[in-house]
Amino acid sequence: MSKSNKKKLEQLRKRQIKQRKKMEKIILTGIAVIALIVAAIHYEQTSVNGNNSVTSALKKPLSDFTVTLINGQKISSVSLEGQPMVVWFMTTWCSSCSETSQILQSQYYNTFRSDGIILLQIENYNDLNQPGESLSNFAAQYGGVNEPGWYIGTAPQWVTEQYNPYSYLDTYYLVNSQGQIVGTGQGLGANLNSVIQTLA
Amino acid sequence: MLFVFFTAITALYFILLPMLPLGTFFLSAVRFITPIQVIFSIIMGFLLSILILLSMRSYALGVRINKGAGAASVLTGIVNVFCCTPIIPLIIGIAGASSPFIFRYSPRVQYFFAVDYPIFYLVSVLLLTYSILTVASNIGCCKLDPITGKNVPSLNQEA
């Protein structure tokens, strides 16, 4: 092999090594970013999930607020004390919320009833300022209308700001029969079994 | 072989697409698949299975393939995980935004993913088509040069 060919090969090899190192850096950065996101989600879920140790902030009583139900009736959150309760903040344009309503209606509502668990379904204030269908249409379409123990309505803005400060589309609180918050999480539909386990 | 890949991948999309908004493995969600998701599951399943088979063929022939577009197409197909899970608020939070900022602006981003998700399916289909065309043309024309790591015209093509 001539000298110039050897030199070319050497240059190519160096370039390949450089490229490989660059690729390794990109992959490592990608892995680090993914790990960070996964860790953040995991931290958030474990710190607030009803099945895990509940943070001290969660041991507070549920605030007293008025919910305007879709039939126009008004109820106070405190008036529902005495039975375990799921307070579900949802959004009408969120697909996991419509799926959760249907799962609740078809699979879990009877268990909620037999275990004496109340469901207070509250629309995030003004649907988090995005256009969505009305709450009554949502309920008529996906479930919960005229079901005893299943309250669907709206609450004042401060309630959403207090209990959903990061604007999650589908978040919930578990309240025991003494009115204490004992758990919280995101994505009610996927966590219904653990919710029942915690409250029953 | 194509049929096996097509069935497996389409079934995977059927399970995955309605499940993503819940952000977890939850088989009951499969029954909430929308007509748009059914159509795109079939199209993406078909295209992805062709791409995988062509990539396998390229590998056997020693032709270099561009994996970027194929991977991007899969990723764009599953973006509605950003709709309803806490991922968007968390990412905005990790980026250093304050709570009021997250409260105000994350729903706008999430709304885009919740309502306009078919756009991403369309992008996914276009990327898959582009990948298939690229891989197919490489198989027809080229071979891999082991030194440069680039595709060069094959002997047949040169002749």
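So, here's what we can say about the structure. The model shown is predicted, which means the values in this text are computed figures rather than measured ones.

1. Observations concerning the overall build of chain A
Point 1. What chain A contains, in helices and strands, is 5 helices and 7 strands.
Point 2. What you see in chain A, going N to C, is helices and strands ordered as α-β-β-β-α-β-α-β-α-β-β-α.
Point 3. A buried classification covers 46% of the 200 residues belonging to chain A.
Point 4. In chain A, once contacts between residues fewer than 6 apart in sequence are set aside, the share between residues at least 24 apart is 73%.
Point 5. Carbon together with sulfur atoms contributes 53% to the accessible area of chain A, which is approximately 10,500 Å² in total.

2. Quick word on the interface of chain B and chain A
Quoted interface sizes are often the accessible area lost when the parts come together.
Point 1. Facing the 29 residues of chain B at the interface are 32 residues of chain A.
Point 2. Interface area for chain B against chain A, summed over the two sides, is near 2,700 Å², with a carbon-plus-sulfur share of 70%.
Point 3. The interface formed by chain B and chain A contains 0 salt bridges.
Point 4. Inspection of the region where chain B meets chain A yields 4 residue pairs in polar contact (both at pLDDT 80 or more).
Point 5. Looking at the side of chain B that touches chain A, the elements that each hand over two or more residues are α4 (81-84), α5 (87-94) and α6 (99-115) of chain B.
Point 6. Tallied by class, the residues present in the side of chain B that touches chain A amount to 21 nonpolar, 6 polar and 2 charged.

3. A closer look at the sheet that holds strand β6 (residues 171-175) of chain A
All names here are of chain A.
Point 1. With mixed pairing, 7 strands are arranged side by side in an open sheet as β2-β1-β5-β4-β3-β6-β7. Two strands lie at the open edges of the sheet, namely β2 (74-76) and β7 (181-186), each paired on one side alone. On average, each strand axis in the sheet is tilted by 30 degrees relative to the strand beside it, whichever way the strands run.
Point 2. The strands touched by helix α2 (residues 95-114) within the sheet are β3 (85-90), β4 (118-123) and β5 (150-154), with β3 carrying the most contacts at an inclination of about 165 degrees.

4. Regarding the packing of aromatic side chains
Point 1. Throughout the structure, instances matching the rule amount to 16 aromatic pairs over all chains.
Point 2. Between Tyr166(A) and Tyr168(A) the ring centres are 6.2 Å apart and the planes differ by 35 degrees, which places this aromatic pair in the tilted class.
Point 3. Residue Tyr168(A) is classed as buried on the basis of its relative accessible area of 9%.
Point 4. Judged by centre distance (5.3 Å) and plane angle (70 degrees), the rings of Tyr117(B) and Tyr121(B) are edge-to-face.

5. A short note on the nonpolar core
Residue and element names in this part refer to chain A.
Point 1. By size, the foremost hydrophobic cluster in this structure holds 43 residues, and its most contacted members are Val86, Trp88, Leu104, Phe112, Leu119, Leu188 and Val195.
Point 2. Considering each element in turn, this core owes the most residues, 6 residues, to α2.
Point 3. Setting aside its immediate chain neighbours within four residues, leucine 104 contacts Trp88, Tyr109, Phe112, Leu119, Trp150, Leu188 and Leu192.
Point 4. Counting residues in each nonpolar core, the second largest holds 19 residues, with Leu62, Ile122, Val159 and Ile181 among its members.

6. Some remarks on the environment of Asn80(B)
All names here are of chain B.
Point 1. By secondary structure assignment, the location of asparagine 80 is in the loop between α3 (67-77) and α4.
Point 2. Relative accessible area serves as the criterion here: at 3%, asparagine 80 is assigned to the buried category.
Point 3. Dropping the residues within four chain positions of it, asparagine 80 is found in contact with Leu17, Leu20, Pro21, Gln37, Phe113, Tyr117 and Tyr121.

Rules used in this analysis
- Residues numbered from 1 in each chain as written.
- Chains lettered and ligands numbered in written order.
- Predicted model: local features only at pLDDT ≥ 70, side-chain atom pairs only at ≥ 80, totals over all residues.
- Heavy atoms only, no water.
- Helix = DSSP H or I, 4+ residues; strand = E, 2+ residues; numbered from the N terminus.
- Buried < 20%, exposed > 50% of the residue type's maximum accessible area, 1.4 Å probe, protein only.
- Contact = heavy atoms within 4.5 Å.
- Areas by Shrake-Rupley, 256 points an atom, 1.4 Å probe, with all protein chains shown as cover.
- Buried area = accessible area lost by both parts, 1.4 Å probe.
- Salt bridge = Lys/Arg side-chain N within 4 Å of Asp/Glu carboxyl O.
- Polar contact = N/O pair within 3.5 Å; in protein donor to acceptor, adjacent residues only side chain to side chain.
- Nonpolar A, V, L, I, M, F, W, Y, C, P; charged D, E, K, R; others polar.
- Pairing = 2+ DSSP bridges.
- Axes fitted to C-alpha atoms, helices over the stretch in contact; angles between N-to-C directions.
- Phe/Tyr/Trp six-rings, centres within 6.5 Å; stacked < 30°, edge-to-face > 60°.
- Core = buried A, V, L, I, M, F, W, Y, C linked by side-chain atoms within 4.5 Å.

As far as function goes, none of this settles anything; it's purely spatial.
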